[in-house]
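# Overview (structure and organization)
Below, each chain spelled out in residue letters.
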Amino acid sequence: MSPSLLFFFLSGLAYASESEATPKQFKFTENTHIFGADGPWHGVEVSIGDQPTLMIPGRSWESYVITTDYCKATSGSATCEVGAYDPSRYGKTVPELDHVTFFTQNATRGIKTTGTSRMVFDSVTLDGVGTVPDHTLALIENESQMLEYPNGKRYPIMTGCLSLGSLASKSIFWTSDQKLMDVDIGNMIAYYLAENDVIPSASYGFHYGSALPSSKIPGSLIFGGYDRNRVIGRVDSQGSYIDGSFVLRRLAVNTFEGSAPFEMTGVQIIPGTYKYSTDTGISVRLDACSPYLTLPSDVCKGIASYLPIYHHEGLDLWLWNTSHPGYKLIVESASALTFDFDAGERGKSTTIHLPLMQLNLTLGPPFTDEIPGMEGKEVPYFPCHSSPGHSGAWVLGRPIFQSLFIGANFLTKQLWLAQAPGPKIPSESDIVKIGRYDYDIESSKMKWTDTWKGVWRGLSQDEALIARGLYEPERRPSSSADTGNGGSGGGGGSQTGSDSNRSSASTIVGSRFGKFVMLASMLAVVAL
């Protein structure tokens, strides 16, 4: 029997009426630590037992936590600077569950991760929310548990990964012959808080935010409710995918103000070409605990056709060519990657815009020690990665969570996706309760592009032509080309060039070494 079928039997919630409890806001800013040799990223301080440790919110079911033994066995994990968990102090074990282990790969699905994790149970305390006893913890505790890159190099896992809840009130365990075990332990965070009337429902609203100095956005995590200021435009309910995958129908590059720094305005994902693809797009998972946008290599190359970036094969990451005259203009421009997800169970599709400014991240040691001439230095990079974890699934990780709102009501089995704002948001939260039986949430009245005003900028036509210098001279538009203007958030994209330019493939410089990439039928103009 699947966890979702067991939901009503194990939830333990006999709701006769709405709770009078109020939503609880985790004190995100007060507990934020900036970390990451591939960020910068937000990590939040959470107490496991009575021990503070660094985690990223965002997964379901069990939480993954870095231990003091891991800090002794490896070097470089950001968690060890804040504090790691010692399970020998208060962690509980259950003899009947000694056979249960978790694949450490589940801690970060978008990149190969080695090893297995044993399990203990301990309390989790969230500042401003409350304490959940006997939560299920998967331990990251020895040097067999590492991130593995295509060049064979292994690096330590940076942080733990905090579960926000699940479809059942407690962990579900099976015997080796697939029989359900009668073990009453392993509280799930949202459900425990709701069962004990700490929050009004087993639900949450989450926007990870951004730690980038150019576009700082504080994170927001609320149990039993959400901050309406973090929800913009149409909200899609993806109930059937609450613990699974989504279909990415289309990926495009668009400009929303000023002249477009690109010759063409869309990258069309071609159905049926990639693993886990469908007739309408690519099956992807959302995982805030994964550091990259893990997508098929042809998709990464398609994006790269617009940008002055080049591929590092060993790390399978893309580095910005900062000597290119268009680099600074492009990352400052009012341009974004646009992700179109398939319609949810009520027929509404989801569009998420991720500004290129949020994809100008920094790679540092130990990763740059693999780049000749960059040892010990920091370099700007673009987080597209095409070497998935052991499941082979494509994963949209932390980069998209900078501009994505995600919320869930576990009782009604609803998961909501929406556009999250940029840095220009009200200083006060607009906290809204999620009722036990709620199927919908409301968005704010804000316009997405307004939340980026004064942060990004519209390029002049001359600046846009400089940015387009990554195209070969014979393909560069004349100064009289009509570059057009982008629409508002959720609206139209920019229009560029002549019809002949828009309908044909382009030859572009794909690396600083002068290699050329021919992007043929994959490029298409998409009017958003």
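Residues numbered from 1 in each chain as written. Predicted model: local features only at pLDDT ≥ 70, side-chain atom pairs only at ≥ 80, totals over all residues. Heavy atoms only, no water.

### Overview of unusual backbone geometry
Excluding glycine, residues mostly carry a negative phi; peptide bonds, for their part, are mostly trans. Note the cis peptide between G39 and P40, where omega equals 10°. Along the chain, P40 falls in the loop between β2 (32-35) and β3 (41-48). Here the amide bond leading from P365 into P366 is cis, since omega sits at 10°, within 30 degrees of zero. We note that D134 has phi near 50°; this positive angle belongs to a residue other than glycine. Mapping D134 onto the fold places it in strand β8 (residues 130-140). Look at K413: it is not a glycine, yet its phi comes out positive at around 60°. Residue placement: K413 occurs in the loop between β27 (404-409) and β28 (414-419). Residue K413 is classed as partly exposed on the basis of its relative accessible area of 29%. (Helix = DSSP H or I, 4+ residues; strand = E, 2+ residues; numbered from the N terminus. Buried < 20%, exposed > 50% of the residue type's maximum accessible area, 1.4 Å probe, protein only.)

### A short note on the pairing of strand β13 (residues 220-223)
Alternating positions in β13 separate into two faces, S220 and I222 on one and L221 and F223 on the other, with burial throughout. Looking at chain direction, strand β12 (residues 203-207) and β13 are connected through four bridges and run antiparallel. Across the sheet, residue H207 finds its bridge partner in β13, namely S220. (Pairing = 2+ DSSP bridges.)

### Side note on the pattern of salt bridges
Summed over all chains, the structure comprises 16 salt bridges. Two residues, D340 and R250, come together in a salt bridge whose shortest N-O distance is 2.3 Å. Separated by 90 residues along the polypeptide, D340 in strand β21 (residues 335-341) and R250 in strand β16 (residues 246-255) bring together distant segments of the chain. Here D340 falls in the buried class, since its relative accessible area comes to 8%. One network of salt bridges, with partners in common, ties together K328, E332, R457 and E463. (Salt bridge = Lys/Arg side-chain N within 4 Å of Asp/Glu carboxyl O.)

### Some remarks on the state of the cysteines
Covalent bonding between the sulfur atoms of two cysteines is what defines a disulfide. A complete count under the given rule lists three disulfides for this structure. Covalent S-S linkage joins C71 and C80, the inter-sulfur distance amounting to 2.0 Å. When the S-S torsion is -95°, as for the bridge of C71 with C80, the disulfide is left-handed. According to the relative accessible area criterion, C80 is partly exposed, its value standing at 30%. Through a disulfide, C300 is tied to C384; the S-S separation comes to 2.2 Å. Between C300 and C384, the S-S dihedral sits near -80°, and the bridge is therefore left-handed. Here C300 is found in helix α6 (residues 297-304), whereas its partner C384 is found in strand β25 (residues 384-385), with 84 residues between them in sequence. Judged by relative accessible area, which is 2%, C300 ranks as buried. The class for C384 is buried, based on a relative accessible area of 0%. Here the bonded cysteines of the protein chain are numbered in sequence order, and their pairing is 1-2, 3-4, 5-6. (Disulfide = S-S within 2.5 Å.)

### Details of the sheet that holds strand β24 (residues 379-382)
The strands that make up a sheet are held in pairs by hydrogen bonds between backbone atoms, and each pair lies either parallel or antiparallel. Pairing in this open sheet of four strands is antiparallel, and the strands run β19-β20-β24-β23 from one edge to the other. The sheet terminates laterally at β19 (309-312) and β23 (361-363), the two strands that pair on one side only. In this sheet, neighbouring strand axes are inclined to one another by 50° on average, regardless of whether the strands run parallel or antiparallel. Sheet analysis places β19 next to strand β20 (residues 317-320), joined by four bridges and oriented antiparallel. (Axes fitted to C-alpha atoms, helices over the stretch in contact; angles between N-to-C directions.)

### Here's the deal with the side chain of T338
Within the secondary structure layout, T338 lies in strand β21. Reaching out from T338, the side chain makes a polar contact with the side chain of N254 at a distance of 3.3 Å. A distance of 2.8 Å separates the side chain of T338 from the side chain of H353, its partner in a polar contact. (Polar contact = N/O pair within 3.5 Å; in protein donor to acceptor, adjacent residues only side chain to side chain.)

Interpretation note: all reported values are geometric properties and have no functional meaning in isolation.
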